[in-house]
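What follows is the residue order along each chain.
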Amino acid sequence: MKAVISSEWLKLRSVTSTYHTLGTATLTVLLGVAWTLYVSGLADERGSLRAAAPEQGFLPLIQISLAVLGVLAITSEYATGSIRTSLTAIPKRSTLLLAKAGIVGLTTFIAANTILLVTYSTSRLIANGHELGFNDTSFADDLVTLLASGLSVTALALVGLGLGTALRSTAGAIVSVVALLFILPGVVNYLPPPWNTRVATLLLPNLVPQIAGQRLSSHLGDGFLPPWAAVAILSAYPLVALAIGHYRLSRRDA
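Because the structure is predicted, anything quoted here is derived from the model rather than measured. (Residues numbered from 1 in each chain as written. Predicted model: local features only at pLDDT ≥ 70, side-chain atom pairs only at ≥ 80, totals over all residues. Heavy atoms only, no water.)

Draft legend 1. Broad picture of the side chain of R124. Relative to the elements of secondary structure, R124 occurs in helix α6 (residues 93-126). Here the side chain of R124 touches S123 through a polar contact of 3.0 Å, side chain to side chain. Every residue in contact with R124, bar those within four places of it in the chain, is listed here: A53, P54, E55, F134, N135 and D142. (Helix = DSSP H or I, 4+ residues; strand = E, 2+ residues; numbered from the N terminus. Polar contact = N/O pair within 3.5 Å; in protein donor to acceptor, adjacent residues only side chain to side chain. Contact = heavy atoms within 4.5 Å.)

Following this line, the structure appears as structure tokens:
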């Protein structure tokens, strides 16, 4: 297993798409700096304001960028035909997929949390002395949200890996991830209340605030999962996607 993991780590490091997706995710830091400078300028004029925290406002950029990394970790092998070599060297397909999931998960977790922490730190340093709303809480208070955000990125990257394995199509898997992240939350808004809010609690983009103990609705009983339940549902997304991917991988030829 150690040799398989080393092989998958080498594969991930050897493709340029890995650095492109990581570079795109890292743009969050620059966007966070630009956003904080902008709202700080507005605060100088108005005295104070409530602005969105940059590490949360630009979180979708990190999520979609590293989800693409997860997709390409498998679909690039199908595109080049190297998947045949991989399956010849590692006949047990569950071992191959598990090793890929471990490498993708660890890489995206470290990258996401590093980007989020740098964005958080730089924005608070720039915002020092301004009342911007997002800088009126301590790091200890924000830590759960930061960790939940990092977990959501990792979960989405593994969802991308699972969908890429199942569909064998880069475009199809990316469209599916985009639908999960951006389209479904919009569609759910058209459901009649209270079902719109209740279904929304189960969607991946809305799990981060619930892990941090925040409500999605002011109505009692609507729009809120306890943190442990939100973590469980967040974990279910990659588990289901990888299970589907494993099923398709084990029943089709390369």
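Draft legend 2. Expanded view of the side chain of S40. Position of S40 among the secondary structure elements: in helix α2 (residues 16-46). What S40 contacts, discounting residues up to four positions off in sequence, is I126, A127, H130 and L132.

Draft legend 3. Summary view of the pattern of salt bridges. Inspection of every chain in the model, using the stated rule, returns 7 salt bridges. E8 is the partner of K100 in a salt bridge, and the nearest nitrogen-oxygen pair spans 2.8 Å. Here K100, found in helix α6, pairs with E8, found in helix α1 (residues 2-14); they are 92 residues apart in sequence, far enough to count as distant. E8 carries the same exposure label as K100, and that label is buried. For R124, the salt bridge is made with E55, and the minimal N-O distance between the two is 2.8 Å. Here the residue R124 occupies a position in helix α6, and E55 occupies one in helix α3 (residues 54-57), the gap between them amounting to 69 residues. No difference in accessibility class separates R124 from E55, as the two residues are buried. Put simply, E8, K11, E77 and K100 are held in one network by salt bridges that share partners. (Salt bridge = Lys/Arg side-chain N within 4 Å of Asp/Glu carboxyl O. Buried < 20%, exposed > 50% of the residue type's maximum accessible area, 1.4 Å probe, protein only.)

Draft legend 4. Spatial organisation of unusual backbone geometry. P193 connects to P194 through a cis peptide bond whose omega is 0 degrees. If you trace the backbone, P194 turns up in the loop between α8 (170-188) and α9 (195-200). Although it is not a glycine, R168 sits at a positive phi angle of roughly 60 degrees. Along the chain, R168 turns up in the loop between α7 (139-167) and α8.

Draft legend 5. Structural context of the nonpolar core. If you look at the biggest cluster of nonpolar residues, it comprises 32 residues, and the most contacted ones within it are I62, L66, V104 and L161. Sorting the residues of this core by element identifies α1, α2, α4 (59-80), α5 (82-89), α6, α7 and α11 (227-250) as the ones contributing at least two each. The element that contributes the greatest number of residues to this core is α6, accounting for 11 residues. Among all residues touching L161, those that are not within four sequence positions of it are G70, V71, A73, I74, L97, K100, A101, V104 and L242. (Core = buried A, V, L, I, M, F, W, Y, C linked by side-chain atoms within 4.5 Å.)

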